[in-house]
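Observations on the model geometry
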Amino acid sequence: MRKIYLTSLILFLGFSFANAQESVDTQEVIEVQEILEPEIVINWEKSYDDALKRAKAENKPLLVYFTGSDWCGPCKVLGKKLFKTEKFQEYATNKFVLYKADFPRNKDLVEEKTRKINEEIQARFGQSKFPTMLIVNSKEQELGIKQGMYMTEYYYPFFDKAIRAF
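Residues numbered from 1 in each chain as written. Predicted model: local features only at pLDDT ≥ 70, side-chain atom pairs only at ≥ 80, totals over all residues. Heavy atoms only, no water.

**Here we look at the pattern of salt bridges**
Taken as a whole, this structure holds six salt bridges when the rule is applied. A salt bridge links Glu39 to Lys84; its shortest N-O distance comes to 3.9 Å. Of this pair, Glu39 sits in the loop between α1 (2–36) and β1 (44–45) while Lys84 sits in the loop between α3 (73–83) and α4 (86–95), and the two are 45 residues apart along the sequence. Where Glu58 meets Lys60, a salt bridge forms, and the shortest distance between an N and an O atom there is 3.2 Å. By relative accessible area, which is 13% here, Lys60 ends up buried. The network of salt bridges with shared partners includes Glu45, Arg54, Glu58 and Lys60. (Salt bridge = Lys/Arg side-chain N within 4 Å of Asp/Glu carboxyl O. Helix = DSSP H or I, 4+ residues; strand = E, 2+ residues; numbered from the N terminus. Buried < 20%, exposed > 50% of the residue type's maximum accessible area, 1.4 Å probe, protein only.)

The following block contains the structure:
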């Protein structure tokens, strides 16, 4: 009985060590992938007024993204699977001026002045759902709206339709 117990203990410890070593190797691979993947930078305007001015000057529609960056799960997914892609970066650079109206629970993530402006924009357009993408012209006339999260492929036809309406 003692041999069975001792053999079981040795096998258990051996498997535990092997699994722990495998986890470390997987983590190292993930860290290396994160270092090697290029960072996608999206040029969100810092000010809504500046975004409107730029949209008018460049004759482009304005994409306003309503998000709860630190609490909204679908917003986080969109951030990773749509906004932080090369495809969106190239598309948006050529087609839109971008403004992120962020409503985080951690109030320190957004300056008070910006938070008040975001609340005004939210009230002006009657938005209460997250995530929401609103596309307007420089006169703030709505060209398209998409609320909620969808597969990323569904956003590009929405963008194209709004651009055609521009």
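**A closer look at the state of the cysteines**
Tallied over the entire structure, the rule returns one disulfide. Between the sulfur atoms of Cys72 and its disulfide partner Cys75 the distance amounts to 2.5 Å. The chirality of the disulfide connecting Cys72 with Cys75 is right-handed, given an S-S dihedral of about 70°. For Cys75, a relative accessible area of 5% corresponds to the buried category. (Disulfide = S-S within 2.5 Å.)

**Quick word on the pairing of strand β4 (residues 132–136)**
With five of five residues buried, β4 lies mostly within the body of the structure. Burial along β4 is two-sided: Thr132, Leu134 and Val136 facing one way and Met133 and Ile135 facing the other are all buried. Looking at chain direction, strand β2 (residues 62–67) and β4 are connected through five bridges and run antiparallel. Directly across from Leu63, in β4, lies its bridge partner Ile135. Pairing of β4 with strand β5 (residues 142–147) involves five bridges; the strand directions are antiparallel. Residue pairing across strands places Met133 opposite Lys146, the latter belonging to β5. (Pairing = 2+ DSSP bridges.)

Limitation: the analysis is restricted to geometry and does not speak to function.
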